[in-house]
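Spelled out, the chains give:
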Amino acid sequence: MRELHDRLGIVTECWSPLGGITVYRPHGVNGGRSVMAEPVVAGLAAEYGKTPAQVVLRWHIEHGLCAIPKSVKPHRIAENFDLFDFALTSDEVAATDALDTGRRSGPDPESIRLDSFSRR
Ligand SMILES: NC(=O)c1ccc[n+]([C@@H]2O[C@H](COP(=O)([O-])OP(=O)(O)OC[C@H]3O[C@@H](n4cnc5c(N)ncnc54)[C@H](OP(=O)(O)O)[C@@H]3O)[C@@H](O)[C@H]2O)c1
């Protein structure tokens, strides 16, 4: 899929890139556990003098993915742009990849239909 998107010039935007869905649905499949609370992420944040949110957003960049995080707080909006003075190594990206539980906190795109939104 990624190769096809690259060939067609399509950029993939990541849904809920900071795991906001775990805040909005605290009783969801991952029990409301935010990726920002993962020790691997916290460790990288401490190593680079960054916040867990910045590490998670940088992980998207290392993968060439588009992340548009949401915050209502100006200081967090600034923090979420301040990502371009550090980089994760391939081992650190792999350690972060390994946090994947294989379970979706949000709906499966394959299951979304117009009637999911009361439309025909
Ligand atoms: N989730 C959906 O259903 C959905 C659907 C369609 C489109 N999208 C799009 O996806 C993008 C964002 O998704 P999202 O709102 O689901 O979630 P998100 O960006 O993954 O996370 C937002 C949550 O993280 C918090 N946050 C933001 N910056 C932070 C930081 N630096 N440190 C700690 N916490 C931080 C926010 O709280 P504060 O606001 O209090 O800072 C909010 O609770 C938006 O462009 C949105 O329009 C989402």
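These notes cover the structure that comes with them.

Conventions we followed
Residues numbered from 1 in each chain as written. Predicted model: local features only at pLDDT ≥ 70, side-chain atom pairs only at ≥ 80, totals over all residues. Helix = DSSP H or I, 4+ residues; strand = E, 2+ residues; numbered from the N terminus. Buried ≥ 20, exposed ≤ 12 C-beta atoms within 10 Å, placed from the backbone. Core = buried A, V, L, I, M, F, W, Y, C linked by C-beta atoms within 7 Å. Contact = placed C-beta atoms within 7 Å. Near = placed C-beta within 6 Å. Nonpolar A, V, L, I, M, F, W, Y, C, P; charged D, E, K, R; others polar. Axes fitted to C-alpha atoms, helices over the stretch in contact; angles between N-to-C directions. Parallel < 35°, antiparallel > 145°, perpendicular 65-115°, else oblique.

## Focus on the overall build of the protein
In step 1: The helix and strand tally for the protein stands at 6 helices and 2 strands.
In step 2: Its helices and strands taken in sequence order, the protein reads α-β-α-α-α-β-α-α from the N to the C terminus.
In step 3: Seen through its principal axes, the protein has C-alpha atoms that stretch 50 × 40 × 30 Å.
In step 4: The buried share of the protein, taken over its 120 residues, is 17%.

## As for the nonpolar core
In step 1: Within the largest apolar cluster, 9 residues are counted, these being Leu-18, Val-35, Val-41, Leu-44, Ala-53, Val-55, Val-56, Leu-57 and Trp-59.
In step 2: Ranked by residues supplied to this core, first place goes to helix α4 (residues 52–62) with 5 residues.
In step 3: Among residues more than four places away in sequence, those in contact with Val-41 are Val-35, Met-36, Pro-52, Val-55, Val-56 and Thr-96.

## With respect to the site of the ligand
In step 1: As a structural note, the neighbourhood of the ligand is formed by 19 residues, with Leu-18, Gly-20, Ala-53, Lys-70 and Ser-71 the closest of them.
In step 2: Every element with two or more residues in the shell around the ligand is listed here: α2 (20–24) and α5 (74–81).
In step 3: Its residues assigned to classes, the shell around the ligand shows 9 nonpolar, 6 polar and 4 charged.

## Notes on the packing of helix α3 (residues 39–48) against α4
Helix-helix packing is characterised by the crossing angle of the two axes and by the distance between the axes.
In step 1: Remark: α3 packs on α4, axes separated minimally by 8 Å, with the N-to-C direction vectors making an angle of 100 degrees. Taken together, the axes of α3 and α4 lie roughly perpendicular to each other. Of the residues in α4, those in contact with Val-41, Ala-42, Leu-44 and Ala-45 of α3 are Pro-52, Gln-54, Val-55 and Val-56.
In step 2: Taken together, the residues of the contact of α3 with α4 break down into 7 nonpolar, 1 polar and no charged.

## Observations regarding unusual backbone geometry
Outside of glycine, negative phi angles account for most residues, and trans bonds account for most peptide bonds.
In step 1: Residue Ser-16 is not a glycine yet carries a positive backbone phi of 55 degrees.
In step 2: In this structure, Ser-16 sits in the loop between β1 (13–14) and α2.
In step 3: For Ser-16, a count of 16 C-beta atoms within 10 Å corresponds to the partly exposed category.

## Remarks on the environment of Arg-76
In step 1: Following the sequence through the fold, Arg-76 ends up in helix α5.
In step 2: Note on Arg-76: 15 C-beta atoms within 10 Å, which makes it partly exposed.
In step 3: The spacing of Arg-76 and His-60 is 16 residues in sequence and 17 Å in space, taken between C-alpha atoms.

## Notes on the environment of Trp-59
In step 1: As for its placement among the helices and strands, Trp-59 is situated in helix α4.
In step 2: For Trp-59, a count of 22 C-beta atoms within 10 Å translates into the label buried.
In step 3: Here the alpha-carbon distance between Trp-59 and Ala-94, two residues 35 residues apart in the chain, equals 9.6 Å.
In step 4: Sequence-distant contacts of Trp-59, defined by excluding residues within four places in its chain, comprise Leu-88, Val-93 and Thr-96.

Treat this as a map of the structure, not an account of what it does.
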